[in-house]
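Chain by chain, the residues run as shown.
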Amino acid sequence: MNEPVRVVHIVPSFAPGGAERMAVHLLCALNRDGFQVTAVSLYDPMGTDLETILESARIPVRYLGKCPGLDLRIYPKLSRILRELRPHVIHTHLSVLRYALALLSYRKAAAKVHTVHNVAEHETDWAGKWVHRLAFHWGVTAVSIAEAVSRSLERIYGLRNVPLIPNGIPVDQYATPTVSPAEWRRANGFAADAVLFASVGRLSHQKNPCLLIKAFAQGPAADSRTQLLVVGEGPLYGRLQEQVNSLGLRGRVRFLGSRSDIPNILAASDVFVLSSDWEGNPLAIMEAMAAGKSVIATRVGGVPELVTHGKTGILVTPGSVSEFASAMQLLLCDPGQRAQLGRAAALHARDHFDVHMMANAYEKLYEALLEKSQTLSRSFR
């Protein structure tokens with residue numbers, strides 16, 4: 001195409017989350033010479049770091065002011081924006097298809113893409129699965145982010161050979177913190193010899209932070225040097241605070257909330273931990289590996305595609321408190337192994353996780369879909 005390819009990404013919001021962060025990474029990394037990008041958020045601005053990143057990158061964002069629950073006003077608002085922008089590519093994420101599918105169905109000229117950010121069983125509820133099934137059989141191209149996600153798309157929707165584009169991150173950003181680990185520890189009240197286990201993720205049932213706190217209590221908490229840092233917000237926050245109090249871990253488990261200084265937190269930590277019951281292709285693990293941290297994670301979804309057991313981290317059985325506690329205890333007692341795993345993780349991240357690899361793959365997909373659309377259009381003239 002002689003003119004830039006106009007690409008619109010539609011997300012529910014820019015709340016802090018892996019899918020939203022991936023969309024922002026992609027919007028920022030697409031080649032501006034060949035692609036003109038715009039972001040659309042169904043909800044109003046939320047004051048998050050993701051919105052700041054988009055503003056700094058001078059990426060236009062349209063906010064539709066959605067109310068909680070079903071908001072029928074979104075249909076005409078979104079329709080007006082798509083008519084105005086006349087995108088060549090419409091790229092949706094998460095629950096957006098509930099509002100966008102009816103509009104996409106009559107936009108014959110646009111390539112339509114939907115990234116599936118989790119295993120299909122857990123990506124959406126039953127109504128969302130029904131919408132996605134219609135979308136994927138009515139011309140919306142599903143994109144998988146991991147082999148495990150691809151297999152789930154075949155199980156749930158009967159889709160085979162879907163494009164697979166793993167997530168990417170700005171690796172250098174996580175490899176080069178803005179403050180030294182010693183400085184961050186001093187500023188946040190942690191001793192220089194403390195052993196910090198850090199977890200970054202939404203405090204939800206998917207991430208199973210209750211298991212993580214139990215594992216910490218059963219293993220490394222016996223050593224007074226250890227601390228567990230829990231970064232994120234979510235519906236389980238109150239329950240987790242009660243659990244920490246009941247286990248006698250006040251002062252040993254620190255809830256840091258939603259943070260914009262994740263590279264600095266990771267740099268100052270010793271081990272990254274993620275106890276999820278299911279996952280797609282979690283950015284948090286990629287970020288920790290880019291920061292040169294050893295990883296302990298459950299063997300779910302696309303996690304084994306990121307972490308090689310015994311080489312860049314330790315993988316444990318999902319739901320097993322004892323296995324997770326043993327892995328934490330192992331790395332607590334062996335700083336040499338922590339360092340070795342972290343070095344290997346950083347090398348792997350540099351070679352495989354760079355955001356421009358993801359962006360290049362999406363650029364090629366957009367162009368292939370547009371070429372296919374033009375070929376079909378010519379054949380029916």
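Residues numbered from 1 in each chain as written. Predicted model: local features only at pLDDT ≥ 70, side-chain atom pairs only at ≥ 80, totals over all residues. Heavy atoms only, no water.

### Points about the pairing of strand β5 (residues 111-116)
This is how it is decided: The rule is simple: take the accessible area with a 1.4 Å probe, protein chains only, and divide by the maximum for that residue type; under 20% is buried, over 50% is exposed, in between is partly exposed. Secondary structure elements are taken from DSSP: a helix is a run of H or I of four residues or more, a strand is a run of E of two residues or more, and numbering for both begins at the N terminus. Here, a strand pair is defined by DSSP locating no fewer than two bridges between the strands.
With 6 of 6 residues buried, β5 is to be regarded as a mostly interior element. Of the two faces of β5, the one carrying Ala111, Val113 and Thr115 and the one carrying Lys112, His114 and Val116 are both buried. With 5 bridges connecting them, strand β4 (residues 89-93) and β5 associate as parallel partners. Note that in β5 the partner of Val89 across the bridge is Ala111. Sheet topology note: the β5/strand β6 (residues 141-144) ladder contains 4 bridges and is parallel. Paired with Thr115 across the two strands is Val143, which belongs to β6.

### Description of the environment of Glu147
Put simply, the rule reads: Every residue pair with non-hydrogen atoms within 4.5 Å of one another is taken to be in contact.
Tracing the backbone shows Glu147 in helix α7 (residues 147-157). Measuring from C-alpha to C-alpha, the distance between Glu147 and Asn281 comes to 9.3 Å, with 134 residues separating the pair along the chain. Leaving out residues up to four positions away in the same chain, Glu147 has contacts with Leu164 and Glu305.

### Some thoughts on the packing of aromatic side chains
Note the threshold: Put simply, two rings from Phe, Tyr or Trp (the six-membered ring, in Trp's case) pair if the centres are within 6.5 Å, and we call them stacked under 30 degrees between planes, edge-to-face over 60, tilted for the rest.
Evaluated as defined, the whole model comprises 6 aromatic pairs. Ring geometry for Tyr237 and Phe255: centres 5.5 Å apart, planes at 85°, overall edge-to-face. Within this pair, whereas Tyr237 is found in helix α11 (residues 237-246), its partner Phe255 is found in strand β9 (residues 253-257), the two being separated by 18 residues in sequence. Since its relative accessible area comes to 36%, Tyr237 is described here as partly exposed. Seen from their ring centres, Tyr362 and Tyr366 are 6.1 Å apart, and the 45° between their planes marks the pair as tilted. One end of the pair is Tyr362 and the other is Tyr366, both in helix α17 (residues 355-379) and 4 residues apart, which spans about a single turn. Side by side, Tyr362 and Tyr366 carry an identical accessibility label, which is buried. Each residue in the set Phe35, Tyr362 and Tyr366 is aromatic and connected to the rest through ring pairs, giving one cluster.

### With respect to the side chain of Thr92
Formally: Within 3.5 Å is the distance limit for a polar contact, defined as a pair of N or O atoms, with the added protein rule that one can donate a hydrogen and the other accept it, and that residues adjacent in sequence qualify only through two side-chain atoms.
Of note, Thr92 is situated in strand β4. A distance of 2.8 Å separates polar atoms of two side chains, one belonging to Thr92 and the other to His114. Every residue in contact with Thr92, bar those within four places of it in the chain, is listed here: Ile10, Leu97, Ala100, Val113, His114 and Thr115.

### Some points on the sheet that holds β9
The following threshold applies: Only the stretch in contact is used when fitting a helix axis, every axis being a line fitted to C-alpha atoms; angles between N-to-C directions are given from 0 to 180 degrees.
Taken together, 6 strands build an open sheet; the order of strands is β9-β8-β7-β10-β11-β12 and the sheet is parallel. Each of the sheet's edge strands pairs with one partner strand only, and the pair in question is β9 and β12 (313-316). Shown here is a sheet whose adjacent strand axes are inclined to one another by a mean of 20°, direction ignored. Direction of pairing for strand β11 (residues 294-298) relative to β12: parallel, over a ladder of 4 bridges. Across the sheet, the residue bridging to Val295 is Gly313, located in β12.

### Thoughts on the nonpolar core
Here is the rule: Buried Ala, Val, Leu, Ile, Met, Phe, Trp, Tyr and Cys residues that are joined via side-chain atoms within 4.5 Å together make up what is termed a nonpolar core.
Within the largest apolar cluster, 66 residues are counted, with the highest numbers of intra-cluster contacts made by Phe272, Ile285, Tyr362 and Tyr366. Examining the composition of this core, we find that 8 residues originate from one element, α17, more than from any other. In this view, Ile285 contacts Phe272, Leu274, Val295, Ala297, Val303, Leu306 and Val307; residues no more than four positions away in its chain are not counted.

### Observations regarding the side chain of Thr226
As for its placement among the helices and strands, Thr226 is situated in strand β8 (residues 226-231). The class of Thr226 is buried, set by a relative accessible area of 0%. Among all residues touching Thr226, those that are not within four sequence positions of it are Val195, Phe197, Phe216, Pro220, Ala221, Arg252 and Leu332.

### A look at the pattern of salt bridges
Under the convention used in this document: By definition, a salt bridge exists where a carboxyl oxygen of Asp or Glu is found within 4 Å of a side-chain nitrogen of Lys or Arg.
Counted under the stated rule, the structure contains 11 salt bridges. Salt-bridge contacts for Arg21 lead to Asp49; the nearest nitrogen and oxygen are separated by 3.1 Å. A residue pair is termed long-range when its members are at least 10 positions apart, and Arg21 in helix α1 (residues 18-29) and Asp49 in helix α2 (residues 49-56) qualify at 28 residues. Among the salt bridges present, the one from Arg98 reaches Asp125, with a minimum N-O distance of 2.4 Å.

### What about the sheet that holds β6?
Through backbone hydrogen bonds, the strands of a sheet pair up, either in parallel or in antiparallel fashion. Strand order in the open sheet made by the 6 strands is β3-β2-β1-β4-β5-β6, with parallel pairing throughout. Both outer strands of the open sheet, β3 (61-63) and β6, are each paired with one neighbouring strand and no more. Direction aside, neighbouring strands of the sheet carry axes that sit 25° apart on average. Of the pairings in the sheet, the one linking strand β1 (residues 5-11) to strand β2 (residues 35-41) comprises 7 bridges and is parallel in character. Each residue of the ladder has a partner; that of Arg6, found in β2, is Gln36.

### Comments concerning the pairing of strand β7 (residues 195-200)
This is how it is decided: Here, the term right-handed applies to a crossover whose path from the first strand over the helix to the second runs clockwise when the strands point away from the viewer.
Across the 6 residues of β7, 6 count as buried, placing the element largely inside the fold. Because side chains alternate across β7, one face comprises the buried residues Val195, Phe197 and Ser199, and the other comprises Leu196, Ala198 and Val200, equally buried. Both β7 and β8 contribute to a ladder of 6 bridges, which runs parallel. Looking at β8, one finds that Val200 is bridged to Val231. Traced from β7 through helix α10 (residues 209-218) to β8, the parallel crossover comes out right-handed. When β7 meets strand β10 (residues 271-274), the two strands line up parallel, connected through 2 bridges. Paired with Ala198 across the strands is Phe272, a residue of β10.

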